[in-house]
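Coordinate analysis (summary)
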Amino acid sequence: MQRILLFLYRIRAFLLFVVLEAAAISLIVSNNSQQGSVFFNSANQLSGNILNTQSNVFDYFSLVSVNKALLEKNTVLLQELERYRQPADSIIIPLDTLMASNYQFKGAKIINNSINLSQNFLTINKGAKDGIKEGMGVFNEEGVVGRVKGVTKNFASVISLLHTELLVSSKIESSEVFGSTKWDGRDSKKAKLLYVPRHVDLQVGDKVVTSGYNAVFPEGIPIGEIIEVAQGAETNYLDITIELATDFSRVSYVYLVENLFEDELQSLDPSN
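Since we're looking at a predicted model, the values are computed, not measured.

As paired strands, strand S6 (residues 167-172) and strand S7 (residues 177-182) are joined by six bridges and run antiparallel to one another. Looking at S7, one finds that leucine 167 is bridged to lysine 182. The hairpin formed by S6 and S7 contains four residues between the paired strands, and glutamate 176 there has a positive phi angle of roughly 65°. Note that S7 and strand S8 (residues 190-194) share three bridges and pair antiparallel. For threonine 181, the partnering residue across the bridge sits in S8 and is leucine 193.

What follows deals with empty space enclosed by the protein. For the coordinates displayed, the defined rule picks out one cavity of 30 Å³ or more. Residue lining of the largest cavity: Arg147, Leu166, Leu167, Val168, Asn214, Val216 and Phe217, and that is the complete set. In the lining of the largest cavity, the residues fall into five nonpolar, one polar and one charged.

Spatial strand order, S6-S7-S8-S11-S10-S9: six strands in a closed barrel with antiparallel pairing. Across the sheet, the axes of successive neighbouring strands diverge by a mean angle of 40°, strand direction being ignored.

The antiparallel closed barrel is built from six strands, whose spatial order is S1-S2-S5-S4-S3-S12. Neighbour-to-neighbour, the strand axes of the sheet open up by a mean angle of 45°, direction not taken into account.

So, about the nonpolar core. By size, the foremost hydrophobic cluster in this structure holds 44 residues, and its most contacted members are Ile124, Ile242 and Leu256. Looking at this core element by element, the count peaks at five residues for strand S5 (residues 156-163).

Below, the discussion takes up the confidence of the model for the protein chain. Per-residue pLDDT for the protein chain averages 78, and the proportion of residues at 70 or more is 67%. Low pLDDT, under 50, characterises residues 37-41; the stretch is placed with two contacts to residues that sit more than four places away or in other chains.

Successive side chains on a regular strand alternate, one facing one side of the sheet and the next facing the other. Alternating residues of strand S2 (residues 119-124) divide into Asn120, Leu122 and Ile124, all buried, and Gln119, Phe121 and Thr123, none buried. Pairing of strand S1 (residues 103-113) with S2 involves three bridges; the strand directions are antiparallel. When the bridges of S2 are listed, asparagine 113 appears paired with leucine 122. Hairpin connection, S1 to S2: the antiparallel pair is bridged by five residues. Note: S2 against S5, five bridges, orientation antiparallel.

Turning our attention to the packing of aromatic side chains. For any two aromatic rings, the description comes down to two numbers: the centre-to-centre distance and the angle of the planes. Evaluated as defined, the whole model comprises four aromatic pairs. Summarising the aromatic geometry, the rings of phenylalanine 105 and phenylalanine 139 are spaced 6.2 Å apart at their centres and angled 85° between planes, so their arrangement reads as edge-to-face. Pair noted here: phenylalanine 105 is in strand S1 and phenylalanine 139 is in strand S3 (residues 137-139), with a separation of 34 residues, a long-range link. The buried category is assigned to phenylalanine 139, whose relative accessible area is 9%.

Cut-offs used in this document
- Residues numbered from 1 in each chain as written.
- Predicted model: local features only at pLDDT ≥ 70, side-chain atom pairs only at ≥ 80, totals over all residues.
- Heavy atoms only, no water.
- Pairing = 2+ DSSP bridges.
- Helix = DSSP H or I, 4+ residues; strand = E, 2+ residues; numbered from the N terminus.
- 1 Å grid on protein atoms, 1.4 Å probe; cavity = no way out; pocket = protein on both sides within 12 Å on 5 of 7 lines; lining within 4 Å.
- Points joined across faces, edges and corners; volume = space filled by probe spheres on them.
- Nonpolar A, V, L, I, M, F, W, Y, C, P; charged D, E, K, R; others polar.
- Axes fitted to C-alpha atoms, helices over the stretch in contact; angles between N-to-C directions.
- Core = buried A, V, L, I, M, F, W, Y, C linked by side-chain atoms within 4.5 Å.
- Buried < 20%, exposed > 50% of the residue type's maximum accessible area, 1.4 Å probe, protein only.
- pLDDT = per-residue confidence, 0-100.
- Contact = heavy atoms within 4.5 Å.
- Phe/Tyr/Trp six-rings, centres within 6.5 Å; stacked < 30°, edge-to-face > 60°.

As structure tokens, this is what we get:
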């Protein structure tokens, strides 16, 4: 402590000079509008540059985390593609190339999203020039997001799973029982699983995934989890509520999937 005091005593003249200079600058800035304007403009410019640099630094580290998340998503997708690429039994069906080339995947970013309407849509930053087509399924790392409704050159609109007119062919993962998932327009985190017969034994917590039957989504993409089962008003079907796997309040990046054989499969559907 004594050394610090001795050091300050030795530079007392310099410290006095600094204090007087600061006081002089303060008086000049306070009493002269032109010099004050220059000073404050310079200060604002300096603080702006500092804040901009700070923002760039934060954006850089944020970009690192985003890239890491995208890398993880791509890894999962590649693993799924590898599973689809392999035939179920290469000895029994060595010529079966359906699963090897049935689906094609693309990535996109959500640039607009609604969740508080009865018929919600999303907009993605990819369009016809990127190979996006009407009818393509849309999902992310959490689960099903929706289906492409309209396409322009650079953008596409997606009918959200939070849309009261969208049906997604589904199945209960544990029992292979099929049904259809439909949003009832109430809670953005919940939907209904329809057309499951009353005799089916279900458990709260059972997973609901895509069935692969409607030529839009591959089999096994998560849709949600059963949270409530009741007899309901219908005589033949259960009233099933599921909690959606996808958090629509924070979707940002999605994958689009195209069934390359959809037209051929649809031509065989007797209902068309």
